[in-house]
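Structural features, examined
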Amino acid sequence: MPFDAASQSLPDTNATGLHWRPATAADLDNWAGLIARTAAVEHPVWYEKRGDLAHILESSKNPPQTSTLLGLDSDGAARAYGRIAKNPEGDKATGMACVDPEWQQRGIGSAVLVWQEEQVRVRFRADAVAGHTTAPPRLRIQTEEQHEHQATLLMGHGYGAVRWFNEMHRPLSAELPRAPLGAGLELRTLDPTLFEPVRQAHNDAFRDHWGSEPKDEEAWRFTLEEPTARHDLSAVVLDSATGEVAGYQLTSFDPDSASDRGFKEGYTELLGVRRAFRGRGIAQALLADAMRRYTGAGMDVASLDVDSANPTGALELYLGMGYAPVNRSMTWEKML
């Protein structure tokens, strides 16, 4: 089956009580409503918004006909969804899914997971035929530690946890750190003239990060256009002599999360320093600058996530800047 053909491995309607088909632009409100209803019960740290879903449907690498799945009840309300994503040259696919809390414990989550696995196999076969990769099919799914029902589902289907991540908070009510930039470096607020240089710097900085793959122009545009992105709270460090990007910090702010969690947090989505500029205090300067920006914007907390086994010593860096772990998430993996 070519990858751009409609999926032929849909879950069984009689077994699940739902009608299944790929998502379309006409489904955006219905789809986002499902995710919001589920989030209102399960309280994830982050969940996809309508703008995120629109980007999913726009993806040229992951056509929605084969990469998305919606389960609709007899009234047309979305009750479950799943999707997969993969870069053509990548050695893994990632999965996302949710089931309406009122429809859980009916085997629907398992049905979605089985569909995801089959679509990943199809995708890897298509990419192999096209000469993009010879890697065996692999699916990774991330969950939060608090969501034990998701862990139970994944373990029941043969997944194992392969990586742990810490969500870390730094109260802004405490004295803010001072971390001035060294000579020959300057800090600027992110603006459109820096979007492409920062993309290139990101791909360089994250070459040695587990699970990271280069971001092309489309993926980077989706990152910058994420509904909660705050470019005014994001910053870039430049080499004064060459104008080269040395490091960057990209921030988001989610007002829905602030309402749900009871505090406002400036969240560092991405923090990177290029290899040639490491060891000069750039990450510390970017974080200290972010805290000042967050305070000025009325935030209560600076937050971020870090890979517990990050090879650059990021965990120690964040602890030294006053961040402390508050939640954990994990990445699950299964070879297919």
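One structure accompanies this document, and this report is about it.

Cut-offs and rules
The residue count restarts for each chain, going from 1 along the sequence in the order it is written. Local features in this predicted model are restricted to residues of pLDDT 70 or higher, and side-chain atom pairs are both shown and tallied only at a pLDDT of 80 or more, whereas totals for entire chains, interfaces and linings draw on every residue. Remark: hydrogens and water are excluded; side-chain values derive from all non-hydrogen atoms of the structure. Buried residues of nine kinds, namely Ala, Val, Leu, Ile, Met, Phe, Trp, Tyr and Cys, make up a nonpolar core once their side-chain atoms join them within 4.5 Å. A simple rule labels every residue: compare its accessible area, found with a 1.4 Å probe on the protein chains alone, to the largest value its type can have, and call it buried under 20%, exposed over 50%, or partly exposed in between. Secondary structure elements are taken from DSSP: a helix is a run of H or I of four residues or more, a strand is a run of E of two residues or more, and numbering for both begins at the N terminus. Should any heavy atoms of two residues lie within 4.5 Å, those residues are counted as being in contact. Paired strands, in this sense, are two strands between which DSSP finds at least two bridges. Pairing of aromatic rings covers Phe, Tyr and the six-membered ring of Trp, with a centre-to-centre limit of 6.5 Å; geometry is then stacked below 30 degrees between planes, edge-to-face above 60, and tilted otherwise. A ring is considered to have a charge above it if a Lys NZ or an Arg CZ atom is located within 6 Å of its centre and within 35 degrees of its normal. Convention adopted: a line fitted to C-alpha atoms gives each axis, helices being fitted over their contacting stretch, and angles between N-to-C directions are expressed from 0 to 180 degrees.

1. Concerning the nonpolar core
In terms of nonpolar packing, the biggest core is built from 31 residues, with M168, I282, L287, Y294, Y318, M321 and Y323 touching the most fellow members. Every element with two or more residues in this core is listed here: β8 (229–239), β10 (265–273), α10 (282–296), β11 (301–307) and α11 (314–320). Of all the elements, α10 adds the most residues to this core, at eight residues. Setting aside residues no more than four positions away along its own chain, Y323 makes contact with M168, H169, R170, L287, M291, A302, S303, L304 and Y318. Counting 17 residues, the second-largest nonpolar core is a separate cluster that includes W31, A32, L70 and A78.

2. Things to note about the pairing of β8
As paired elements, strand β7 (residues 185–189) and β8 share five bridges and run antiparallel to each other. Residue L187 lies in a different strand from β8, and its bridge partner there is V237. In this structure, β8 lies alongside strand β9 (residues 245–252), joined through six bridges in antiparallel fashion. The partner of L238 across the bridge, within β9, is V245. The antiparallel hairpin formed by β8 and β9 contains five residues in its connecting segment, where G243 sits at a positive phi of about 80°.

3. Describing the packing of aromatic side chains
One pair of aromatic rings is described through two measures. These are the centre distance and the angle between the planes. A full pass over the atoms with the stated rule returns three aromatic pairs. Here the aromatic rings of W31 and Y81 are separated by 5.3 Å at their centres, their planes lie at 65°, and the arrangement is edge-to-face. Of this pair, W31 sits in helix α2 (residues 28–42) while Y81 sits in strand β3 (residues 78–85), and the two are 50 residues apart along the sequence. Sitting over the ring of Y47, K49 keeps its end group 4.0 Å from the ring centre. Above the ring of F124, the side-chain terminus of K86 is found at 4.7 Å from the ring centroid.

4. A short note on the sheet that holds strand β1 (residues 19–21)
Pairing within the open sheet is mixed, and its twelve strands lie in the order β1-β2-β3-β4-β5-β12-β6-β11-β10-β9-β8-β7. Both outer strands of the open sheet, β1 and β7, are each paired with one neighbouring strand and no more. Going from strand to strand, the sheet's axes swing by 20° on average, the running direction of each strand aside. Inspection of the sheet shows β1 paired to strand β2 (residues 68–72) by three bridges, in the antiparallel sense. Note that in β2 the partner of R21 across the bridge is L70. The sheet strands contacting helix α7 (residues 195–205) are β8, β9 and β10, and the helix crosses β9 at an angle near 100°.

Read these as geometric descriptors, not functional statements.
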